[in-house]
Amino acid sequence: NDTTHISQWMAEIATTAELTASAHKTLMELVYLPEGRAMLETIASTRKAYSGPRAALLKRKEAGEDVSAEFESSIVPLLNAYVTSITEFQRFQQHLYDTALAEVQKNAANGRLILILGTALALLMGTGSAIVLSRSITTPLGQAVRSARAIAEGDLTQPINSQGRDEAAELLQALQTMQTNLAGMVGNVRQGTDSIATASSQIASGNNDLSARTEQQASALQQTAASMEQLTSAVRQNADNARQANQLAVSASTVAVQGGAV
């Protein structure tokens, strides 16, 4: 029955109505589902059905008329219908939110599962790749060590297989090239050794011939020396004979002189 605050209430109601209209406009821009937009239209119609009679009733109250009974009988049901439409829209939005949240949680769970599976798969693939990479490195290096040890021990017949273009393959190729070059050098040295052995055999044969000839010459010299000794002995005997003959001649000459003197 008090009408002193009617103007203040009217101003507050007008401000609230502007805020409500702005919020409704924003919702109309945000909501895109047909069900939601239909509910917003229901809210607008129930708001209009409530706000019109409410404004008329407030004007009658402002004029001093007692409208309490009519407010309870007509305005409250309209207000309840308006609030019910808002509540239904709120429940619809809450349902959408709950559904979206459940979907997000489901997607998050699936995402975590996918992440766990992906991580496990990545670990397996990483482990497999590491094993393959390790073998691709250690196997050629082991072969390189065995080949280098065999070459160091003088075995140049070990096969060296190099595949790929990595550093290990280049090392094996270098060892293969070194083994081939060493085998060629050893072959050349062997050929030179064979040539030297042949020449040495020929020189030994020549030395044997020279030794035989030298022995023959030595034998001939020995025979010559023996002949010279015999010749010397004969000459010596001849000299002795000549000396004796000379003495005999001297004696004969002396005898002849004596005979001549006689």
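Quick notes on the rules
Residues numbered from 1 in each chain as written. Predicted model: local features only at pLDDT ≥ 70, side-chain atom pairs only at ≥ 80, totals over all residues. Heavy atoms only, no water. Helix = DSSP H or I, 4+ residues; strand = E, 2+ residues; numbered from the N terminus. Buried < 20%, exposed > 50% of the residue type's maximum accessible area, 1.4 Å probe, protein only. Polar contact = N/O pair within 3.5 Å; in protein donor to acceptor, adjacent residues only side chain to side chain. Contact = heavy atoms within 4.5 Å. Phe/Tyr/Trp six-rings, centres within 6.5 Å; stacked < 30°, edge-to-face > 60°. Axes fitted to C-alpha atoms, helices over the stretch in contact; angles between N-to-C directions. Parallel < 35°, antiparallel > 145°, perpendicular 65-115°, else oblique. Nonpolar A, V, L, I, M, F, W, Y, C, P; charged D, E, K, R; others polar. Expected span 1.5 Å × (residues − 1). Core = buried A, V, L, I, M, F, W, Y, C linked by side-chain atoms within 4.5 Å. pLDDT = per-residue confidence, 0-100. Salt bridge = Lys/Arg side-chain N within 4 Å of Asp/Glu carboxyl O.

## Describing the side chain of Ser85
Then, in step 1: Here Ser85 lies in helix α3 (residues 68-152).
Then, in step 2: Taking the relative accessible area as the measure of exposure, Ser85 reaches 5% and is therefore buried.
Then, in step 3: For Ser85, the side chain forms a polar contact with the side chain of Thr46, separated by 3.0 Å.
Then, in step 4: Sequence-distant contacts of Ser85, that is, excluding residues within four places in its chain, are made with Thr42, Ile43 and Thr46.

## A word on the packing of aromatic side chains
Then, in step 1: Counted under the stated rule, the structure contains one aromatic pair.
Then, in step 2: Arranged with centres 5.8 Å apart and planes meeting at 20°, the rings of Tyr50 and Tyr82 form a pair that is stacked. Here Tyr50 is found in helix α2 (residues 34-62), whereas its partner Tyr82 is found in helix α3, with 32 residues between them in sequence.
Then, in step 3: A relative accessible area of 10% means that Tyr82 is categorised as buried.

## Notes on the packing of helix α1 (residues 6-30) against α2
Then, in step 1: The interhelical angle for the contact between α1 and α2, taken along N-to-C directions, is 170°, at an axis separation of 12 Å. When the interaxial angle is binned, α1 and α2 end up roughly antiparallel. Of α2, the residues touching α1 (which contributes Ile6, Met10, Ile13, Ala17, Thr20, Ala21, His24, Leu27 and Met28) are Arg37, Leu40, Ile43, Ala44, Arg47, Arg54, Leu58, Lys61 and Glu62.
Then, in step 2: Tallied by class, residues from the contact of α1 with α2 come to eleven nonpolar, two polar and five charged.

## Concerning α2
Every α-helix carries 3.6 residues per turn, so stepping three or four residues along brings you back to the same face.
Then, in step 1: Relative to the 42 Å expected for 29 residues at 1.5 Å per residue, α2 spans 41 Å between its end C-alpha atoms, a close match to the ideal helical length.
Then, in step 2: Three or more residues of α2 are buried, namely Gly36, Leu40, Ile43, Thr46, Tyr50, Arg54, Leu57, Leu58 and Lys61.
Then, in step 3: In the core, the buried residues of α2 are packed alongside α1 and α3.
Then, in step 4: Immediately beyond the C-terminal end of α2, within one or two residues, lies Gly64, with a positive phi of roughly 100°.

## Section: the environment of Thr4
Then, in step 1: Position of Thr4 among the secondary structure elements: in the segment before α1.
Then, in step 2: Owing to a relative accessible area of 56%, Thr4 belongs among the exposed residues under this scheme.
Then, in step 3: Residues Thr4 and Glu62 lie 58 residues apart in sequence; the distance between their C-alpha atoms is 8.7 Å.

## Section: the nonpolar core
Then, in step 1: In this structure, Val31, Leu40, Ile43, Tyr50, Leu57, Val67, Ile75, Tyr82 and Phe89 together form the largest nonpolar core, which totals nine residues.
Then, in step 2: Listing elements by their share of this core, those giving two or more residues are α2 and α3.
Then, in step 3: No other element matches α2, which puts four residues into this core.
Then, in step 4: Discounting chain neighbours no more than four positions away, the residues touching Leu40 are His24, Leu27, Met28, Val31 and Phe89.

## Notes on the confidence of the model for the protein chain
Then, in step 1: Per-chain confidence: the protein chain averages 85 in pLDDT, with 98% of residues scoring 70 or above.
Then, in step 2: Confidence, expressed as mean pLDDT per element, reaches its minimum in the protein chain at helix α4 (residues 167-261) with 82 and its maximum at α2 with 90.

## Details of the environment of Glu167
Then, in step 1: Residue position: Glu167 is located in helix α4.
Then, in step 2: Spatially, the C-alpha atom of Glu167 lies 9.6 Å from that of Pro140, the residues being 27 residues apart in sequence.

## As for the environment of Trp9
Then, in step 1: Mapped onto the secondary structure, Trp9 falls in helix α1.
Then, in step 2: Residues Trp9 and Leu58 lie 49 residues apart in sequence; the distance between their C-alpha atoms is 9.4 Å.

## Notes on the pattern of salt bridges
Then, in step 1: Across all of its chains, the model carries three salt bridges by this definition.
Then, in step 2: Residue Arg60 is joined to Glu65 by a salt bridge in which the shortest nitrogen-to-oxygen separation is 2.7 Å.
Then, in step 3: A residue is classified by how much of its surface remains accessible, and Arg60, at 29% relative accessible area, is partly exposed.
Then, in step 4: The exposure class of Glu65 is partly exposed, given its relative accessible area of 37%.
Then, in step 5: Here Asp240 ties to Arg243 by a salt bridge, and the two come within 2.8 Å at their closest N and O atoms. In this pair, Asp240 and Arg243 are both assigned in helix α4, three residues apart and thus about one turn of the helix distant.

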